[in-house]
Number of protein chains: 2
Amino acid sequence: MSPPEQDPPDFTLDEVRREGLLAPAAPAPVAHDGTGRVDLLFSVEQSPGAEPSLRPVRVPPGVSVFDAASWNGIAIDSTCGGHGTCHKCRVKIDGPPPPITRHDERTFSADQLAQGWRLACLVSAVHDLEVAVPPLTTRPKAATVGVGRQVILRPAVQKRYVELAEPSLADQRTDLVRLQDAVDDLELRCGLDVLRRLPGVLRGSDFKVTAVVVDEELIDVEAGDTSGVRRAIAFDLGTTTVVATLLDLETGTPMAVASMLNKQQPFGADVISRISATMLDPEALERLRTAAAHTLAELAAEVCQEAGADPRSVYEVALAGNATMVALALGIDPEPLGVAPFVMSSASFPSVTASDLGLTVHPRAPAVVFPSLGAYVGGDIVAGMLATGMDRDKRTRLFIDVGTNCEIVLSDGDRILSTAAPAGPAFEGGAIRCGMRAADGAIEVIRLARQEPVELGVIGDVEPKGLCGSGLVDAVAELVRVGLLDSSGRFVTDEAAADLAPALADRLTKVGEERVFVLHRPAPDTPVAETVYLSQRDVRELQFAKAAISTGWTLLLEELGLGHSDVQQVLLAGSFGSYLSPAAAVRIGLVPTLPTLRIVSAGNVAGEGAKMVLLSQRERAGAAALLEEVSYVELSDRPDFNDRFVEQLSF
Amino acid sequence: MSPPEQDPPDFTLDEVRREGLLAPAAPAPVAHDGTGRVDLLFSVEQSPGAEPSLRPVRVPPGVSVFDAASWNGIAIDSTCGGHGTCHKCRVKIDGPPPPITRHDERTFSADQLAQGWRLACLVSAVHDLEVAVPPLTTRPKAATVGVGRQVILRPAVQKRYVELAEPSLADQRTDLVRLQDAVDDLELRCGLDVLRRLPGVLRGSDFKVTAVVVDEELIDVEAGDTSGVRRAIAFDLGTTTVVATLLDLETGTPMAVASMLNKQQPFGADVISRISATMLDPEALERLRTAAAHTLAELAAEVCQEAGADPRSVYEVALAGNATMVALALGIDPEPLGVAPFVMSSASFPSVTASDLGLTVHPRAPAVVFPSLGAYVGGDIVAGMLATGMDRDKRTRLFIDVGTNCEIVLSDGDRILSTAAPAGPAFEGGAIRCGMRAADGAIEVIRLARQEPVELGVIGDVEPKGLCGSGLVDAVAELVRVGLLDSSGRFVTDEAAADLAPALADRLTKVGEERVFVLHRPAPDTPVAETVYLSQRDVRELQFAKAAISTGWTLLLEELGLGHSDVQQVLLAGSFGSYLSPAAAVRIGLVPTLPTLRIVSAGNVAGEGAKMVLLSQRERAGAAALLEEVSYVELSDRPDFNDRFVEQLSF
């Protein structure tokens, strides 16, 4: 087997010393005081005998050497995922000799121990250390998810095949203790349901069983060796669209993906109308919960069927959604989310099961529900922050999820702030005359006066039927660029139009009393086609939306004492963000004025985050830590909000 | 209010010094090394100005002064049960000044702090200390349960009435955090069900609510102040009889008691026949589980109705039963308990709810299920050990629960051993010709040749119908005493009988081919009456049973290097033990040869233990600790068992 490619650039030892990336080894290193960071220098031997490449890494003291490597995408042999059981994560430590554990004694000769060989998962990095990593003998299990992030596979779902000694009068250990003793690196907890199954399964399989463990909870005991079969489903529970991804936890790869419209649609298109529904009808909450449950259950059935996977082999699910979607799916009254002061029942949901969500996967599968930072910065955003590494990247980055409610996160590599901006329905096509959802027939790209006066990109390459959010931004940006809209957002006079853009001037006309710009006129013989135009009021809607958003990130930048040019990357998230043209976003002021290369469409980051927490316990801990690390900034009670908003109205 | 009576004798300081109960105060006490015990001398002021009485106490270092007092029945003012919130448990410490907490600062003046006043629940006893306890201002909440043990009320079920600040844009704490912050001495955990109720209850009651907490789990939030209403039910789940006691956790007093026959009776009278039922019929387990559930549910309904208590105000239940009864009630396959090597699925059951037991009390009420030490030393025995203080008393004590299966526990004040002896059905009247259960008409006491040749004590004072276990023991003991049975357990010849006991000789006769002793001959005109007699085979049954039991305790005594006379107390437990005459038990060798005053009928100790764990978290921890403290001795694989058994056969 060939060793894996190391993705970030490596350094030679000389380069490291020259660059000052590591201090020269001190003559007598002392134990770390528990604060700050320790420096580890991994020297990774790509293949036997090759010159090792060097990777400097800084981690909090106390982290295991194995984890320090994992976090930084450095692969070390392991099949148990760092639990001290596979005895494969052999490294040679140069530095103060770490304590020798009983696992080390079983793994290494006395000579090797004296040379510094240890199991990486059992060495705490409390000093600066140099760590030699031998070539891999197994292909590392890692998956690239999120925005190019490599996640070392270490799912919370673990399976252990064990062959237990049969009980005797001399060994009357209880069934549970017998199993616990065989899996003694975990502190197995066991609920009543599993205990009910345990005696029968053990005796029906000659005491050869596979323990199914999720986060130290024994959720099942299966007869024989089923250790190769571990699956999980990641859900992105959107207000509009719900996506499910079935993951093979053995390899980290998706087995099937499916999506459908949220069955809550009949209660309203956005979160506010669904919250209103529960306020008007006491039975609506239960119906909304059921609708969410049916959506998730149908998708789960679909991905399992597509992959030919037994639903009972799905041992865990993850759910990323905004605070309202999560509350509705869990059957929690969402009313306090919908009215000031916008209060959540709880930020996190520790003890939810897949069956609580109405899923018929493994009956005791837990559900990881992403916590929310606020009523309008929900679990979908936390998942997105995880997927984009907002908590790890040292650059100053701005994350914007554009929608009816727009979530904004700003990190300067140290502090992380988040807020929500009420952008209104412009981006969903809601309050726009010819607005429509980003579906077949929606104009999503517009270029004025290139080869033809008006070039349109239409979803599905069909006759245009309307204008979706990204088309709206494009239309306004282009009209501002060619001068048909002035910086206050008003269409110019017919005279000025004829002067500025003669090829387009005839499209500036009126519908009723309102000035409009016609984007598409159907050919005369088209049967049911419609004229698609942009009205003055549409421009105002967008103007208000973009002002709300840019006020949001402007205030966050000020909070951290930063200007536009300090922002090194803007991530546009959500399905809308994926379609939005970076240039248009800059031109209308939706994002800070930056080179368009710095503006990245991050795609469905909520779904990626949901996958990551299933693949890696480390990432899961990171998601939980975000609750502490991110400060939520409430804009609606800021006295300066309205002034700033007015400032941001102009294009 | 008058101060409570202190039950154990108190000492004056002089007596204490003279008796050497406490070492004289060292000039400079040093912090304890964490092992062994610390000595506390409580000086309890019974009424203002009265001479304080002194109570020396030894506890493990690190225990709070409040707990040290609680454990020893010394009442200190408290309404929060030692949680640092009521600020009532004021004591004056003489010894190295303990650290001053923020609660102390709020409670005492600087002068008082300098004098050594502290809150007892916040002082760790790490040094030998003298503790002055002022007179009580509140009536102590304590209950006498078990064998004269005083338990200071500190239930796991707690209620806290809180008036929360309403949310605002400046205070967007989640509903759960708002509540957690108001109850900040507890680390409240909260499941999905409670979270579903939380937003509605808070807003429906102007944020004035009562949190219902069991062991830091928030099981409910109730509108308004319901803090005065806390109940629990203790169940003694016997193979034959099930007893329920509804407890008022505010006062520690029983509100109602009810009992009924276990509805599993149709599946067999003893545990082995019920286990066999599950082995013959795959559906029997579920039917047995349901039968147990119906028994418990009917009793719960009955005690609630009798006391006029809302079943939803029952926030916790406790269940003591033998390992088989518990397995069946929980729906766990009992087969491995019934066949060698007699293995339990698990010794303890941490996450059981009342609803798992089929109870319709509070829907999220937890169930404390007593752990078992072995397949035949079950949770009922652990409860009995708790109730009799087997783990605390420094005397050498033998605890015997006599029944079809007989459980034996021996403590020398340091080590505790337990074992089970298969006594067979003699004591339940099962294999005895005229045997019957201890019900109306059963002969339970027999005296030969006092005023009349045969004096009988009959349950219900009715015409005798049969012989129950205690009557069987009495009959054999009396026949041995008068010489009609020889020490090998054989009836003497008619000639010998006429010689030894002329007034009784005519009762020694035959039924069929078997020699019998007639205990009761109905008067000629009694319509359906029966002759009650003791047969030679009956004597053999009892002989085997008592040999099994005495072999058990003989081997335990040998294990600890003790003889009969070292035993300071024998506790006879279970409903059978309550009826058994101590003198008869000694005479037939069922218990060691001791003065009868040292042989105590302990009554229904399993039920008492179940009450104790509901009244006191401390006692609950004690029950769990017994699992570690008690060694289980398996007799059936001991090579010397059979020899010992034969030795013990003679009377």
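What counts, and at which threshold
- Residues numbered from 1 in each chain as written.
- Chains lettered and ligands numbered in written order.
- Predicted model: local features only at pLDDT ≥ 70, side-chain atom pairs only at ≥ 80, totals over all residues.
- Heavy atoms only, no water.
- Helix = DSSP H or I, 4+ residues; strand = E, 2+ residues; numbered from the N terminus.
- Buried < 20%, exposed > 50% of the residue type's maximum accessible area, 1.4 Å probe, protein only.
- Least-squares fit on C-alpha atoms with pLDDT ≥ 70 in both.
- Contact = heavy atoms within 4.5 Å.
- Pairing = 2+ DSSP bridges.
- pLDDT = per-residue confidence, 0-100.
- Phe/Tyr/Trp six-rings, centres within 6.5 Å; stacked < 30°, edge-to-face > 60°.
- Axes fitted to C-alpha atoms, helices over the stretch in contact; angles between N-to-C directions.
- Buried area = accessible area lost by both parts, 1.4 Å probe.
- Salt bridge = Lys/Arg side-chain N within 4 Å of Asp/Glu carboxyl O.
- Polar contact = N/O pair within 3.5 Å; in protein donor to acceptor, adjacent residues only side chain to side chain.
- Parallel < 35°, antiparallel > 145°, perpendicular 65-115°, else oblique.
- Nonpolar A, V, L, I, M, F, W, Y, C, P; charged D, E, K, R; others polar.
- Core = buried A, V, L, I, M, F, W, Y, C linked by side-chain atoms within 4.5 Å.

Between A340(A) and P341(A) the backbone carries a cis peptide bond, its omega angle lying at 5°. Mapped onto the secondary structure, P341(A) falls in the loop between α10 (335-338) and β16 (367-369). One non-glycine residue, F342(B), lies in the positive phi region at around 55°. Examined against the element boundaries, F342(B) turns out to sit in the loop between α10 (335-338) and β16 (367-369). Here F342(B) falls in the partly exposed class, since its relative accessible area comes to 22%.

Turning to the relation of the copies chain A and chain B, a few remarks are in order. When chain A is fitted onto chain B, the two copies agree to an RMSD of 0.3 Å after a turn of 180° and an axial shift of 0.1 Å. The transformation just described matches what one would write down for a two-fold rotation axis. Residue S351(A) of chain A places its C-alpha closer to the rotation axis than any other residue of that unit, at 6.7 Å. A high fraction, 95%, of the interface residues of chain A reappear at the interface in chain B, so the copies pair face to face through one surface.

The next thing to look at is the environment of A232(A). Residues and elements named next belong to chain A. Tracing the sequence through the fold places A232 in strand β12 (residues 231-237). Residues A232 and V157, spaced 75 residues apart in sequence, show a C-alpha to C-alpha distance of 8.5 Å. When neighbours within four sequence positions are excluded, A232 is seen to be in contact with T245, L246, L247, L249, V314, E316 and L614.

It is worth spelling out the sheet that holds strand β22 (residues 466-467) of chain B at this point. Sheet strands pair via backbone hydrogen bonds, and the direction of the pair is either parallel or antiparallel. Residues and elements named next belong to chain B. As summarised here, the arrangement of the three strands in space is β21-β20-β22, forming an open sheet in which the pairing is mixed. The sheet terminates laterally at β21 (454-458) and β22, the two strands that pair on one side only. Strand direction decides the pairing type here: strand β20 (residues 442-448) and β22, joined by two bridges, are parallel. If you follow A442 over to β22, its bridge partner there is G466.

Let us look at the confidence of the model for chain A. Regions with low pLDDT should not have their predicted coordinates read in detail. All names here are of chain A. Chain-level statistics for chain A give a pLDDT mean of 85 and a share of 88% at 70 or above. Of all the helices and strands in chain A, helix α1 (residues 13-19) carries the lowest mean pLDDT, 36, while strand β15 (residues 314-321) carries the highest, 98. The ipTM, which scores confidence in the relative placement of chains, is 0.76 for this predicted complex, and the corresponding pTM is 0.77.

Now for the packing of aromatic side chains. For the structure on display, the rule yields eight aromatic pairs over all chains. On the basis of an interplanar angle of 80° and a centroid distance of 5.9 Å, the ring pair of F342(A) and Y376(A) is categorised as edge-to-face. In this pair, F342(A) sits in the loop between α10 and β16 while Y376(A) sits in the loop between β16 and α11 (379-387), placing the two residues 34 residues apart along the sequence. We classify Y376(A) as buried; its relative accessible area is 14%. On the basis of an interplanar angle of 35° and a centroid distance of 6.3 Å, the ring pair of F108(B) and W117(B) is categorised as tilted. A single burial state applies to F108(B) and to W117(B), both of which are buried. By way of ring pairs, the aromatic residues F544(A), F641(A) and F645(A) are connected into one cluster.

Turning our eyes to something else, we now look at the sheet that holds strand β14 (residues 253-261) of chain B. Residues and elements named next belong to chain B. Spatially, the five strands line up as an open sheet ordered β14-β13-β12-β15-β16, and their pairing is mixed. Looking at which strands have only one partner, the edges of the open sheet turn out to be β14 and β16. Strand-to-strand, the axes of this sheet are offset by a mean angle of 15°, without reference to chain direction. Relative to strand β13 (residues 241-248), strand β12 (residues 231-237) runs antiparallel, the two being bridged by seven bridges. Across the sheet, the residue bridging to L237 is V242, located in β13.

Let us now look at the interface of chain A and chain B. Between chain A and chain B, the residue contacts involve 40 residues of the former and 38 residues of the latter. Roughly 3,000 Å² of surface becomes buried between chain A and chain B when both sides are summed, with 64% attributable to carbon and sulfur atoms. Between the two partners, chain A and chain B, sit zero salt bridges. Where chain A meets chain B, there are 12 residue pairs in polar contact (both at pLDDT 80 or more). Elements represented by at least two residues in the side of chain A that touches chain B include exactly α5 (175-182) and α6 (192-204) of chain A.

This next bit is on the packing of helix α11 (residues 379-387) of chain B against helix α17 (residues 605-615) of chain B. Residues and elements named next belong to chain B. Their axes nearest at 7 Å, the elements α11 and α17 cross at an angle of 75°. On the basis of their axis angle, the class for α11 and α17 is roughly perpendicular. Here D380, A383, G384, L386 and A387 of α11 come into contact with α17, specifically with V605, A606, E608, G609, A610, M612 and V613. Its residues assigned to classes, the contact of α11 with α17 shows eight nonpolar, two polar and two charged.

This part takes up the environment of V57(B). Residues and elements named next belong to chain B. Structurally, V57 can be placed in strand β2 (residues 53-59). Residue classification places V57 among the buried residues on the basis of a relative accessible area of 3%. Through-space distance from the C-alpha of V57 to that of V38 is 8.3 Å; in sequence the pair is 19 residues apart.

Turning our eyes to something else, we now look at the nonpolar core. Grouped together as the largest cluster of nonpolar side chains are 110 residues, with contacts concentrated most on L179(A), L218(A), I233(B), F235(B), V317(B) and L357(B). Considering every element that reaches this core, the biggest residue donor is helix α8 (residues 284-307) of chain B, with nine residues.

Now for the pattern of salt bridges. Residue and element names in this part refer to chain A. Across all of its chains, the model carries 59 salt bridges over all chains by this definition. Salt-bridge contacts for D220 lead to R364; the nearest nitrogen and oxygen are separated by 3.4 Å. In this pair, D220 sits in strand β11 (residues 217-223) while R364 sits in the loop between α10 and β16, placing the two residues 144 residues apart along the sequence. Because the salt bridges share partners, they merge into one network encompassing D171, R173, R178 and D181.

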